[in-house]
Amino acid sequence: MLLHLVSTEADLPVFLAMEPFAEVPLFEMDEYEEEEVLSVRSKGVCTFATYPMAPPAGTDPDTYIYMNFMKSHSCYDAMPRSSKLVIFDTTLQVKKAFFALVANGVRAAPLWDSKLQCFVGMLTITDFINILHRYYKSPLVQIYELEEHKIETWREIYLQYSVNRLISIKPDSSLFDAIYSLLKNKIHRLPVIDPASGNVLHILTHKRILKFLHIFGSMIPKPKFLQKQINEVPIGTFREIATVQESASVYEALAIFVERRVSALPVVNEQGKVVALYSRFDVINLAAQKNYNNLNMTMKEALASRSCWVEGVLKCYPHETLETIIDRIAKAEVHRLVLVDREDVVRGIVSLSDILQALVLTPAGIDALYS
């Protein structure tokens, strides 16, 4: 693991080249990849279904496959052999911190308080959105709070309105517990902290958990319910879908992010057809482009000024199977697909949170996502 602490004495960190982990299609893995994955860990590796939950009489045993899989593996098992971890000192300027997120391609960083000598929270794209939404006035007025505040100052202000404790997990905790914590607390990044040293070992995400499932996919039975169409299973959000018009301003989109607590917004035209997807990560790119002082620009203008080319909208259709949708999400390494009809009108959102809730937590009688 490559780790760098960013403090007031340093600007942007410089990282060595990282070793990426293999891209593996759903339920497929060749012999070399299997050997590589199984040799990654020298401790804490569980065999499949070490502590399985037997299905009640009359219950389809397929229902418990993924739940038992996640209960049988620890967070340590799912950690890659190499990864990038950026840590911010709370005395760092907020502006420099967000520029560092962009420069290093990460979306969140643990916060280290040198006075307390411990980790006290996370700085995420959500913080950037909240600062812009709270303090933006017009393109002619500089956002002083973004330009001058330190992270510790922003935390003092923000903590007056919310509980911002550090939510973390131990490396020997099960992936089932990790999924529950991610969904229950409505977060996308969960620090794995060594209880002995207090060090952050990895930032666990929904996508990393799904990738781990993909790697071992061919080694567990494939549930028959994966062949069901998405309109036959209660997976996804289909009511009160948060969208934004392409003629709306970026500031209006930020307001929806804050008020609805969603991670992405389908952008629709006058006919109601989806033309793009605007995510929280797109907002952080405003920092890279130094456009955060002009939030009056329309969504159409903001999408056109993206720093990287985006291949349309990742969609799914009511007739497609759950397996097809999971495979598409995993290969594209995204957090959600927009469910549309034949006219490309938005009918729902199918996210990784929805999938993990249905496949892992619902069989255990836990509703962490919607409770």
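Residues numbered from 1 in each chain as written. Predicted model: local features only at pLDDT ≥ 70, side-chain atom pairs only at ≥ 80, totals over all residues. Heavy atoms only, no water.

**Student:** Looking at this structure, how should I read the nonpolar core?
**Tutor:** A general feature of soluble globular proteins is that nonpolar side chains tend to end up buried together. Judged by nonpolar contacts, the single largest core of 52 residues is most densely connected at Tyr66, Met70, Leu204, Leu359 and Val360. For this core, the secondary structure elements donating two or more residues are helix 2 (65-71), helix 3 (75-78), helix 8 (175-184), strand 5 (189-193), helix 9 (206-215), helix 13 (322-332), strand 11 (336-340) and helix 14 (352-361). Excluding anything up to four places from it in sequence, Leu359 contacts Thr63, Tyr66, Met67, Phe225, Ile235, Leu322 and Ile326. Counting residues in hydrophobic clusters, the runner-up holds 47 residues, among them Ile125, Val250, Tyr278 and Ala302. (Core = buried A, V, L, I, M, F, W, Y, C linked by side-chain atoms within 4.5 Å. Buried < 20%, exposed > 50% of the residue type's maximum accessible area, 1.4 Å probe, protein only. Helix = DSSP H or I, 4+ residues; strand = E, 2+ residues; numbered from the N terminus. Contact = heavy atoms within 4.5 Å.)

**Student:** Any chance you could explain unusual backbone geometry here in plain terms?
**Tutor:** Glycine aside, a negative phi is what most residues show, and trans is what most peptide bonds show. The backbone of Gln117 shows a phi angle near 60°, a positive value even though the residue is not glycine. With respect to the secondary-structure elements, Gln117 resides in the loop between strand 3 (108-113) and strand 4 (118-124). On the accessibility criterion, Gln117 (53% relative accessible area) is exposed. If you check the backbone angles, Asp344 has positive phi at about 65° while not being a glycine.

**Student:** How should the sheet that holds strand 7 (residues 244-245) be read in this particular structure?
**Tutor:** Within a beta sheet, neighbouring strands are joined by backbone hydrogen bonds and run either parallel or antiparallel to one another. The strand order across the open sheet formed by three strands is 7-8-9, and the pairing between neighbours is mixed. Taken across any chain shown, the strands that pair with only one partner, and hence form the sheet edges, are strand 7 and strand 9 (274-279). Examined bridge by bridge, strand 8 (residues 264-268) and strand 9 share five bridges and lie antiparallel to one another. Bridge assignment links Leu265 to a residue of strand 9, and that residue is Tyr278. (Pairing = 2+ DSSP bridges.)

**Student:** What is the right way to look at the pattern of salt bridges in this model?
**Tutor:** Proximity of charged atoms lets side chains of opposite charge pair with each other. Evaluation of the coordinates by the stated rule reveals seven salt bridges. Between Asp344 and Lys315 there is a salt bridge, and its shortest N-O distance comes to 3.2 Å. Here Lys315 lies in strand 10 (residues 315-316) and Asp344 lies in the loop between strand 11 and strand 12 (346-351), a separation of 29 residues in the sequence. Here Lys331 and Asp327 are joined by a salt bridge, their closest N and O atoms 3.2 Å apart. On the criterion of helical spacing, the pair formed by Lys331 and Asp327 is a turn pair, its members being four residues apart in helix 13. Its relative accessible area of 18% is what places Asp327 among the buried residues. (Salt bridge = Lys/Arg side-chain N within 4 Å of Asp/Glu carboxyl O.)

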